[in-house]
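The lines below spell out each chain.
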Amino acid sequence: LKMSWFWFYLPLHLLMTACLCHSIKAPTTSSQQSFKTDLFNFYHSLMLADGKETTVHLLKDIPKRYYFVLEEGRALAPFTITVTPCDVPIEWSILMHKASASFLGKAARGDHDTQEVSKSQKAPSMVSTIFNYKGNSVETYMGMSSHSALYMLEFLSTERDTHITVYLTTDTTSGHLYPELPVDPRIDVIGIGHTTVTLTWKHSPPVLQHRENIQYCLLVNEKHNYKSLCAAETAIRSSGIKLPPTLALSLSPYLLEPQQVMILSNSELSIINKASSGEVRQICIGTKNTYTVPNLSPSTQYYFDVFVVNLLTNASAAYTGTFARTLDEPEPKVAELKDGKVIQVALDGKKQKFYNLQYQARYKKVQFTFQLCHGQVRVHITKNGRTVALENISGLRCFSLKGKLLDTYLVQLRSTEETNSSVKVQVSPHFHKTLFPLLPESLKIKSFSKLRTCNSVTIAWLGTQEENKYCVYKKRIEEDQVWMELQSADMCSGPESRHKSEKVLCKYFYDINLQRAVTTETIKGLDAGMLYLFDVYLFGPSGIPVRYHSKVVKTRKKC
């Protein structure tokens, strides 16, 4: 069996007439009548290639036709047509025009008989519709022809402009373009957790034979299942995200778009596409047929699709999609806050879980105090279920709240970074003195560049209207240690964590006039051209220290 491209041999004037007629005359009668009318009115670009996947773009309500010819070469001539809608449902059909071998042969040689052509067009019995379909599923027609024939495929989209892929093959002996699915192509859900879903599916037969050329790719989203890989890609693109060419090629290096996050771990590639309508996650997992999808949200319904992808041809086949709802989030554990007691809370940035503290007011006025030790923390305070405070905190932060006796306050703490965070919390009646000292307007340490020498530096910091104790510490560091020292500084740790040799001095001071509540100190005995890390600790009446922000200063190299 072979394709007959006899239409290329039509006389030039007939081709031009055919092209013109096809471009300006829309079909107004039935498909069969249009087929007979347009039997020779087509351009060679609308011939359907054999053995190659063709992308067809459809305009709304405008039918598009492709042709192919089967020439008699043996007793039975098999052929297969697979159509994959990439968006909305479409209508498509196959029409067949029977013709004699001598007619096709003459046409191929270019010595066709106009009378014979006219005769064939007028024979209604020679044209028949052999297949019709409407929908958005991947559909395959397998036919068998025992005679020479001209076939026409007609496609129509009635919803909107779209595109599809069409694959025709007359070679049924050398394998398929699309990977073969198992007899049972369903995806089974075998485990559901609060943030995970475990899936399994039967192996595709090619996976068992050619593991190096086949892989499974999983698609996870919160909207619906997709019946083909190109349908999934079209939906993601329509939400404003540019995808890699295909999932099959996603293992090759390429530049991700700003809305995409790529995660590579344990030989698995995950691509998370962050769209305004939600998140679409693509995970290529090699040839494993069981997978636990991690990092899902509790109490959420997800849709799961598995595609088996041929890495050589870039073609894919879709399993029957499934869906599952993750378990409801368990009630968080709540710790009780007691008047005047300071507790330190460590928060896991990776899990992004809330830490909950509850307090029942014994007074009408209460004050919550938070001292950020490390990282970034978001504080959410509710009173009897209503939000009274919500913000990201830095340094020391106090919230003075009014209410009624026995009001119930719930404090929720969460790290806003992927790194771990920690914070100290205290609650007390408003008229009681807090354990934390009164703080200055700023906790920054200032250095004076003009006062630097080869063996000394001068620093300054703000004080308050209360007399407090201030202790200064120094530490010599290297250039490559600066970032780590500043990032890892624990703002809640006191001088007890420092080596005795790092202590410079301690002093008391205050000023009723806040404009003059500033002190300076010159630290001597330093080495020339070296970096030093300086810290100041403030001690209030309760003895709880507050650490100023660390300052790095370099002494002059030459004086």
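Scroll up to find the structure this text is about.
Counting starts from 1 at the beginning of each chain's written sequence and moves along it residue by residue. Per-residue local features are limited, in this predicted model, to residues with pLDDT of at least 70; the limit for side-chain atom pairs, both in listing and counting, is 80 or more; totals at the level of whole chains, interfaces and linings are taken over all residues. Note: side-chain values were computed over all heavy atoms of the structure, leaving out hydrogens and water.

### Re the environment of His210
Piece 1. Put simply, DSSP H or I for four residues or longer makes a helix, DSSP E for two residues or longer makes a strand, and each gets a number counted from the N terminus. Residue position: His210 is located in the loop between helix 5 (205–209) and strand 11 (214–221).
Piece 2. C-alpha separation for the pair His210 and Asn310, spaced 100 residues apart in sequence, amounts to 9.6 Å.

### A look at the sheet that holds strand 8 (residues 162–169)
Sheet strands line up and pair through hydrogen bonds in the backbone, either parallel or antiparallel.
Piece 1. Following DSSP output, two strands are said to pair if at least two bridges run between them. On the basis of which strands lie adjacent, the open sheet formed by four strands has the order 1-8-3-6 and antiparallel pairing. Every interior strand has two partners, whereas the edge strands, strand 1 (52–58) and strand 6 (139–145), have only one. Ignoring strand direction, the axes of neighbouring strands in this sheet form an average angle of 20 degrees.
Piece 2. Note that strand 3 (residues 77–85) and strand 6 share seven bridges and pair antiparallel. Note that in strand 6 the partner of Pro78 across the bridge is Met144. Each axis is a line fitted through C-alpha atoms, taken for helices only over the stretch in contact, and angles between the N-to-C directions span 0 to 180 degrees.

### Section: the state of the cysteines
Piece 1. Throughout, a disulfide means two cysteine sulfur atoms within 2.5 Å of one another. Overall, the coordinates contain five disulfides when judged by the stated rule.
Piece 2. In this model, Cys454 is linked to Cys559 through a disulfide, with the two sulfur atoms separated by 1.8 Å. An S-S torsion of about 120 degrees defines the bridge between Cys454 and Cys559 as right-handed. One end of the pair, Cys454, is in the loop between strand 28 (446–447) and strand 29 (457–462); the other, Cys559, is in the segment after strand 35 (551–554), and 105 residues separate them in sequence.

### Remarks on the pairing of strand 33 (residues 531–539)
Piece 1. A simple rule labels every residue: compare its accessible area, found with a 1.4 Å probe on the protein chains alone, to the largest value its type can have, and call it buried under 20%, exposed over 50%, or partly exposed in between. Counting buried positions along strand 33 yields nine of nine residues, so the element is predominantly enclosed.
Piece 2. Burial along strand 33 is two-sided: the residues Leu531, Leu533, Asp535, Tyr537 and Phe539 and Tyr532, Phe534, Val536 and Leu538 are all buried.
Piece 3. Examined bridge by bridge, strand 30 (residues 468–477) and strand 33 share nine bridges and lie antiparallel to one another. Directly across from Val472, in strand 33, lies its bridge partner Val536.
Piece 4. Relative to strand 34 (residues 545–547), strand 33 is paired through three bridges, and the arrangement is antiparallel. If you follow Leu538 over to strand 34, its bridge partner there is Val546.
Piece 5. In textbook terms, the turn of a hairpin is the stretch between consecutive antiparallel strands, and for strand 33 and strand 34 this stretch comprises five residues, one of which, Gly543, has a positive phi near 90 degrees.

### A short note on empty space enclosed by the protein
Piece 1. Lining residues are those with an atom within 4 Å of a point, where the points come from a 1 Å grid over the protein atoms alone and group into cavities, where a 1.4 Å probe fits but cannot get out, or pockets, open sets with protein on both sides within 12 Å along at least five of seven lines. Grid points are joined across faces, edges and corners, and a volume is the space filled by probe spheres set on the points. Going through the model one piece at a time under the given rule, you end up with two cavities of 30 Å³ or more.
Piece 2. Contributing to the lining of the largest cavity are Gln371, Leu372, Gly395, Leu396, Leu443, Met491, Val546 and Arg547.
Piece 3. Elements supplying a minimum of two residues to the lining of the largest cavity: strand 22 (365–374) and strand 34.

### With respect to the packing of aromatic side chains
Piece 1. Between 30 and 60 degrees the pair is tilted, below 30 it is stacked and above 60 it is edge-to-face, where a pair is any two Phe, Tyr or Trp rings, Trp via its six-membered ring, whose centres lie within 6.5 Å. A full pass over the atoms with the stated rule returns 20 aromatic pairs.
Piece 2. Judged by centre distance (6.5 Å) and plane angle (40 degrees), the ring pair of Tyr302 and Phe304 falls under tilted. For the pair formed by Tyr302 and Phe304, the shared burial category is buried.
Piece 3. Arranged with centres 5.8 Å apart and planes meeting at 75 degrees, the rings of Phe370 and Phe399 form a pair that is edge-to-face. In this pair, Phe370 sits in strand 22 while Phe399 sits in strand 25 (residues 396–402), placing the two residues 29 residues apart along the sequence. With respect to burial, Phe370 and Phe399 carry one shared label: buried.
Piece 4. Among the aromatic residues, those joined into a ring-pair cluster are Phe68, Phe79, Trp92, Phe131, Tyr141, Tyr151 and Phe155.
Piece 5. A cation over an aromatic ring shows up here: Arg397 above the ring of Phe399, its NZ or CZ 4.3 Å from the ring centre.
Piece 6. A positively charged side chain is recorded as over a ring if its NZ (Lys) or CZ (Arg) lies within 6 Å of the ring centre. The angle to the ring normal must also be within 35 degrees. Positioned above the aromatic ring of Phe539, the side-chain terminus of Lys469 is 5.7 Å from the ring centre.

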